[in-house]
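# Understanding the architecture of this molecule
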Amino acid sequence: MAISMTHLVVTIMLLAAHTAFAETNMLQDLCVADLKGSKVNGYPCKDPSQVTPEDFYYMGLANAADTSNTSMGSAVTAGNVEKIPGLNMMGTSMSRIDYAPGGLNPPHLHPRASEAIFVLEGSLFVGFLTTSGKLISKHVKKGDVFAFPRALLHFQQNPNKTPASVIAAFDSQNPGTQSVGPSLFGANPPIPDDLLAKAFSLGTNEIQSIKGKFQKK
């Protein structure tokens, strides 16, 4: 009897879990983001009667961004839910990344999405780090695709004397981006100097010098 009761409890729990996961799927045709609404793990739905074609349209990825005024020589133009409200609840978004000659999209991660890039122009050196510290890298050229797993540190570098650009696709409407340098050395409030000095085997003066380069203006 005890065994059958255990089986019954386990079965009920599995069914409840399955139902909970199923309920996370969309229960309507669309959920255009109300960008002015209060966010609770995403945006609330706009009144369906107020939905327009413009909620699903964006032309911001058509042209190259200006990379001349960026410190790394790269510029990201996002096409996420904040630019295309119709992407809300769809679990997808796109961005364009442009690289000046010698430009770098420095090591960063997307906590909520995997990423795949399609090279529009030029060629790049790209890669990501596994949690065991293995570097998976490759030189890619126009027409190539390369994928980066969710939440792993990755980068793209343009080692050439001509510009390059890619289209990036994400499996999240709002993938988020966390860059290593600004996150650690530009945190607000700041991470203590002695903590960073020990973590990177540097002196506190060196840490303060690095922090100075990431201070928000």
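Check the entry above for the structure.
First, a word on scope: everything that follows refers to the structure included in this document. From a predicted model like this one, the values you see are computed outputs, not experimental measurements.

### Comments concerning the pattern of salt bridges
Tallied over the full model, the rule gives six salt bridges. In this structure, D55 and K46 form a salt bridge, with 3.0 Å as the shortest nitrogen-oxygen distance. Residue classification places D55 among the buried residues on the basis of a relative accessible area of 8%. You can call K46 partly exposed: its relative accessible area is 24%. Between R150 and D171 there is a salt bridge, and its shortest N-O distance comes to 3.3 Å. Placement of R150 in the loop between β7 (145–148) and β8 (154–157) and of D171 in the loop between β9 (164–170) and β10 (178–179) is noted, with a sequence separation of 21 residues between them.

### Things to note about the packing of helix α3 (residues 193–200) against helix α4 (residues 204–214)
Helix-helix packing is described using two parameters, namely the angle between the two axes and the distance between the axes. Relative to each other, α3 and α4 sit at 105°, their axes nearing to 9 Å. For the element pair α3 / α4, the angle class is roughly perpendicular. On the side of α3, the interface is formed by D193, D194, L196 and A197, while α4 contributes T204, I207, Q208 and K211. A per-class count over the contact of α3 with α4 returns three nonpolar, two polar and three charged.

### Some points on the pairing of strand β5 (residues 123–129)
Counting buried residues in β5 gives five out of seven residues, a clear majority hidden from the surface. Both β5 and strand β6 (residues 135–141) contribute to a ladder of seven bridges, which runs antiparallel. By the bridge assignment for β6, F128 is matched with I136. Remark: five residues form the turn of the hairpin made by β5 and β6, two consecutive strands paired antiparallel; G133 in that turn has positive phi of roughly 90°.

### Some thoughts on unusual backbone geometry
Of note, the amide linkage connecting N188 to P189 takes the cis form, showing an omega dihedral of 0°. Relative to the helices and strands, P189 is located in the loop between α2 (180–185) and α3. Within the chain, A151 stands out as a residue other than glycine whose phi angle is a positive 65°. Tracing the sequence through the fold places A151 in the loop between β7 and β8. Look at S201: it is not a glycine, yet its phi comes out positive at around 55°.

Calculation rules
Residues numbered from 1 in each chain as written. Predicted model: local features only at pLDDT ≥ 70, side-chain atom pairs only at ≥ 80, totals over all residues. Heavy atoms only, no water. Salt bridge = Lys/Arg side-chain N within 4 Å of Asp/Glu carboxyl O. Buried < 20%, exposed > 50% of the residue type's maximum accessible area, 1.4 Å probe, protein only. Helix = DSSP H or I, 4+ residues; strand = E, 2+ residues; numbered from the N terminus. Axes fitted to C-alpha atoms, helices over the stretch in contact; angles between N-to-C directions. Parallel < 35°, antiparallel > 145°, perpendicular 65-115°, else oblique. Contact = heavy atoms within 4.5 Å. Nonpolar A, V, L, I, M, F, W, Y, C, P; charged D, E, K, R; others polar. Pairing = 2+ DSSP bridges.

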